[in-house]
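# Commentary on secondary and tertiary structure
Take a look at the letters that make up each chain.
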Amino acid sequence: MGALLLTAVLGGLALVYSIYRFLTRPSLSDIPGPESTSFWLGHLPELFQDQAGDTDFKWQAQYGSIVRVKAPFGEDMLWISDPKALQYIYQTSGYNFPKQPERRILSRLIGDTGLTWAEGDVHKRQRKVMLPAFGTPESKALLPVFRHYAEQVTLKWKDLLTGHPEPSIKLNIHEYVAPATLEAIGEAAFDYKLGVLDDEASELGKAYSNLVATIFSAPSKKKIFMQNIAHYVPMRIQEFLYDHLPGKGLDKARFNRNAAHKVANQLLDMKTEALMMGKGNRDVMSILANASESEATRLSHQEIVSQMRTILLAGQETTSNTLSWAFMELAKQPHIQTRLRKEVHAMERTIRERGDADFTVADFEAMPYLQAVLKEILRFYPAVPHTYRQSLHDDVLPLSKPITTRSGKVIHEVPIRAGLRLILSVCAYNREKDVWGEDAHLFNPDRWLDSSKAKRGTAVGVYSNLLTFAGGVRSCIGWRFAIYELQAFLTELVSNFQFELTPEVNRLCKTQAIVMVPTLEGEVEKGVQLPLRISLAPREE
């Protein structure tokens, strides 16, 4: 009887404590934000169905850098572009803000249990093993690979122009850039020729063609609802459903997985055999295979295969879409394109005069306008407009500037509860006027050349304080790869071709598909499209 009474008392105390915790937990009700028009969907349709960034910029202008928004069932979330809050989430307390479970499931769908899926100690171990392959010397050494595949695009476009009766031709830029960047990341990261550039029937090429656009673009309200109530469903059940439910996007993801696994397993066998014969290399797959020999750093076979799929997706989708947006912006602003081309041609003459055949990383770094254009492209067109996190504990977010709450109170920090979902707005941070100036919404490479306009702010991102490659413990591991690859393709193609707008660009949409992809209004089902007119670039020799 005494034990039963003690159990009842303890149970009652636990219930009272739980109610107390619930009633006294930090509330967001006083944080400014828009009113929700849907209990079932909250503000998610605005974020996922509108063009990438439109909703973010509207909230930023109206409510500031930290905004209370609604998830399904009226649940509060925080939308954040405040630099100091972002620094705290990404860097200071990175592992206290893991990915939301429903976002991890999407990472698994397109990248297995690789680095973008992993959390906590698993993420630390995977990242530690992979980091040596992505250092500055390793990345610089890959420039010839990136230049080679950029030159392959040049050859294809020149062939098309040669056989064309007009001096210019209209092309879907992404259709040519995407397979070239996939080949580039395959050889750069794995020392392996994937064979997708010259083989239109390549299974792997088909598997990666329009991958994220097919799976994630133009989600219906039903799809948005289902993806987000997954937050309340155990991950094992979610994994089973994503592995077995029918659907065009899920079928595409499974086809991609099968094709990527086939290549990854072949490649891993080759690398393991080479290591056994003492012929190891410094590419990512060789390093992963070698690391598996050590108990402390061992990755399982599945983890190694997952890393390959993750790197191929991240390396190809982000770079190819960034390049597509870059050429569109250069076509939109011919004076920027002409100025960049003149700098590229001048450096080409310098290279020839010293007796060299091609660019080096030092040449790129000696081209200030190239650097400025590259940084402005990354600022204005971040490949991934949002990242998503969840607080592990009750916490307090610091703010870079105070905000005025709905009740009129001025606060310098925001208390948050454990389990709160956070939307980290990369695109809005990259347009913060306190960081980038009053003209933050203008594409202006000169902002990077005028030191008097530079603002010393909170350090957030890994490259030029941009958030495009994220920051902290989950920053993009291959950001140096991306920087050198983007420069290789920009210099090669701007040197050889002139880009002009087409009438179709008036229907261009910034479609959200985890990655921001260019599509045409009314033709989303056709996948990524960026039709521009190209012709041979003028030269002043």
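What counts and how
- Residues numbered from 1 in each chain as written.
- Predicted model: local features only at pLDDT ≥ 70, side-chain atom pairs only at ≥ 80, totals over all residues.
- Heavy atoms only, no water.
- Axes fitted to C-alpha atoms, helices over the stretch in contact; angles between N-to-C directions.
- Helix = DSSP H or I, 4+ residues; strand = E, 2+ residues; numbered from the N terminus.
- Left-handed = near helix turned anticlockwise from the far one by under 90°.
- Contact = heavy atoms within 4.5 Å.
- Nonpolar A, V, L, I, M, F, W, Y, C, P; charged D, E, K, R; others polar.
- Buried < 20%, exposed > 50% of the residue type's maximum accessible area, 1.4 Å probe, protein only.
- Lys, Arg positive; Asp, Glu negative; His and termini not counted.
- Salt bridge = Lys/Arg side-chain N within 4 Å of Asp/Glu carboxyl O.
- Polar contact = N/O pair within 3.5 Å; in protein donor to acceptor, adjacent residues only side chain to side chain.
- Patch = residues over 30% accessible without salt bridge, like charges linked within 9 Å, V, L, I, M, F, W, Y side chains within 5 Å.
- Areas by Shrake-Rupley, 256 points an atom, 1.4 Å probe, with all protein chains shown as cover.
- Pairing = 2+ DSSP bridges.
- Expected span 1.5 Å × (residues − 1).
- Phe/Tyr/Trp six-rings, centres within 6.5 Å; stacked < 30°, edge-to-face > 60°.
- Core = buried A, V, L, I, M, F, W, Y, C linked by side-chain atoms within 4.5 Å.

### Quick notes on the packing of helix H5 (residues 101–111) against helix H13 (residues 235–244)
Orientation of H5 relative to H13, taken along the N-to-C sense of each, is 35°, at an axis distance of 10 Å. With respect to the hand of their crossing, H5 and H13 are arranged in right-handed fashion. Residues Pro101, Glu102, Arg104, Ile105, Leu106, Arg108 and Leu109 of H5 form the contact with H13, whose participating residues are Met235, Gln238, Glu239, Tyr242 and Asp243. Class assignment of the residues belonging to the contact of H5 with H13 gives a composition of six nonpolar, one polar and five charged.

### Some thoughts on the side chain of Glu183
Relative to the elements of secondary structure, Glu183 occurs in helix H9 (residues 173–190). Of the side chains bearing the opposite charge, Lys193 lies closest to the buried Glu183, which forms no salt bridge; the N-O distance is 7.5 Å. A distance of 3.2 Å separates the side chain of Glu183 from the backbone nitrogen of Leu194, its partner in a polar contact. Those residues within four positions of Glu183 in sequence are excluded, and the remaining contacts are Tyr149, Lys193, Leu194, Gly195, Val196 and Leu197.

### Focus on a nonpolar patch on the surface
Residues Phe39, Trp40, Phe73 and Tyr232 make up a contiguous nonpolar surface patch of roughly 460 Å² in combined accessible area. When you line up the elements, Phe39 lands in the loop between helix H1 (2–24) and helix H2 (44–49).

### Notes on the sheet that holds strand E7 (residues 421–425)
One open sheet holds the four strands; their spatial order is E1-E2-E7-E4, and the pairing between them is mixed. Edge positions in the open sheet fall to strand E1 (66–70) and strand E4 (386–390), since each of these has one partner strand only. Between one strand and the next, the sheet's axes are offset by a mean angle of 25°, whatever the strand orientation. Bridging between strand E2 (residues 76–80) and E7 involves four bridges; their strand directions are parallel. Across the sheet, residue Ile80 finds its bridge partner in E7, namely Leu424. Docked against the sheet, helix H4 (residues 83–92) engages E2, E4 and E7, running at close to 115° with respect to E7.

### Side note on helix H8 (residues 143–162)
Look at H8: 28 Å from first C-alpha to last across 20 residues, which is about the 28 Å you get at 1.5 Å a residue. Of the positions making up H8, those classed as buried are Leu143, Val145, Phe146, Arg147, Tyr149, Ala150, Val153, Thr154, Trp157 and Leu161.

### Thoughts on the packing of aromatic side chains
Tallied over the entire structure, the rule returns 23 aromatic pairs. Both rings, one in Phe39 and one in Trp40, keep their centres 5.3 Å apart while their planes meet at 80°; by these two values the pair is edge-to-face. Residue classification places Trp40 among the exposed residues on the basis of a relative accessible area of 52%. Here the aromatic rings of Phe469 and Trp479 are separated by 6.5 Å at their centres, their planes lie at 45°, and the arrangement is tilted. Linking Phe469 in the loop between helix H21 (433–436) and helix H22 (479–496) with Trp479 in helix H22, this pair joins segments that are ten residues apart in sequence. Accessibility expressed as a relative area gives 9% for Phe469, which makes it buried. Counting every residue linked through ring pairs, the aromatic cluster contains Phe39, Trp40, Phe73, Phe225 and Tyr232.

### Examining the sheet that holds strand E8 (residues 497–500)
Overall, antiparallel pairing links the three strands, which are arranged E3-E11-E8 in an open sheet. Among the strands making up the open sheet, the edge pair consists of strand E3 (168–172) and E8. Mean inter-strand twist for the sheet, computed between neighbouring axes without regard to direction, equals 35°. Here E8 runs beside strand E11 (residues 531–536); their pairing, made up of four bridges, is antiparallel. Within the sheet, the bridge partner assigned to Phe499 lies in E11 and is Ile534.

### A look at the pattern of salt bridges
Scanning all chains against the criterion turns up 30 salt bridges. With a shortest N-O distance of 3.2 Å, Arg474 and Glu119 are connected by a salt bridge. Of the two residues, Arg474 sits in the loop between H21 and H22 while Glu119 sits in the loop between H5 and helix H6 (120–130), which places them 355 residues apart along the sequence. A salt bridge links Arg147 to Glu492, with the shortest nitrogen-to-oxygen separation between them at 3.3 Å. Here Arg147, found in helix H8, pairs with Glu492, found in helix H22; they are 345 residues apart in sequence, far enough to count as distant.

### Description of the nonpolar core
Across soluble globular proteins, nonpolar side chains show a tendency to be buried alongside one another. Of all hydrophobic cores here, the largest spans 146 residues; its most connected members are Leu78, Ile80, Trp157, Phe190, Phe327 and Phe499. When residues in this core are grouped by element, the largest group, 13 residues, is from helix H16 (residues 301–332). Those residues in contact with Leu78, other than ones at most four positions away along the chain, are Leu28, Ile31, Ile66, Val67, Arg68, Leu397, Val414, Ile416, Leu420, Arg421, Leu422 and Ile423. Formed by 15 residues, the second largest nonpolar core is a distinct cluster that contains Leu41, Val67, Val69 and Ala71.

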